[in-house]
Amino acid sequence: VQLQASGGGLVQTGGSLRLTCAVTRSRFRINGMGWYRQAPGKQRDLVATITSAGVINYADSVKGRFTISRDNANNTVYLQMNSLKAEDTAVYYCHADQVSPDGPRSRYWGQGTLVTVSS
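Basis of the calculations
Residues numbered from 1 in each chain as written. Predicted model: local features only at pLDDT ≥ 70, side-chain atom pairs only at ≥ 80, totals over all residues. Heavy atoms only, no water. Disulfide = S-S within 2.5 Å. Helix = DSSP H or I, 4+ residues; strand = E, 2+ residues; numbered from the N terminus. Buried < 20%, exposed > 50% of the residue type's maximum accessible area, 1.4 Å probe, protein only. Contact = heavy atoms within 4.5 Å. Pairing = 2+ DSSP bridges. Axes fitted to C-alpha atoms, helices over the stretch in contact; angles between N-to-C directions.

Student: Even after reading the chapter, I still don't get the state of the cysteines, so can you show me in this structure?
Tutor: A covalent bond between the sulfur atoms of two cysteines is referred to as a disulfide. Per the counting criterion, the structure on display carries one disulfide. Two residues, Cys21 and Cys94, share a disulfide whose sulfurs are 2.1 Å apart. The sign of the S-S torsion, about 55°, decides the handedness of the disulfide formed by Cys21 and Cys94: right-handed. Of this pair, Cys21 sits in strand 3 (residues 17–24) while Cys94 sits in strand 9 (residues 90–99), and the two are 73 residues apart along the sequence. Note on accessibility: Cys21 and Cys94 belong to one class, buried.

Written as structure tokens, this is what we have:
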């Protein structure tokens, strides 16, 4: 399983970015997909997740500003980020949870894409 994330960059406070993560070479069904982020010197934290059924979970810090969506047919997840703040600056990592036919779930991670919000 390979994940390719893109869309990061430098944006001013209040601006918007859209992150994309495409999953390829998956033999089995992909259930949960989502985004985490890691700021310098901090742990990796959840940003948003979405299941294949469309159940969504957001971190409180991004509710009302970020929107997660996915294209199940193409195993792609998106993160629309609006009203960006300096504290959103981080490396954003996408993940995908593959479910094998006999049950076990495996989580795979993308390479990370840097989002920098300048004031």
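Student: Just checking my understanding: could you explain the environment of Ala90 for this structure?
Tutor: Counting through the fold element by element, Ala90 comes out in strand 9. Through-space distance from the C-alpha of Ala90 to that of Ala39 is 4.2 Å; in sequence the pair is 51 residues apart. The contact partners of Ala90, leaving out residues within four places of it in the chain, are Arg37, Gln38, Ala39, Thr113, Leu114 and Val115.

Student: Is there a simple way to explain the sheet that holds strand 1 (residues 2–6) in this structure?
Tutor: The pairing of strands in a sheet comes from backbone hydrogen bonds and takes either a parallel or an antiparallel form. With antiparallel pairing, the four strands of this open sheet are ordered in space as 1-3-8-7. Both outer strands of the open sheet, strand 1 and strand 7 (66–71), are each paired with one neighbouring strand and no more. Put simply, the sheet's adjacent strands are angled 15° from each other on average, direction ignored.

The quantities given are spatial measurements derived from coordinates; they are silent on function.
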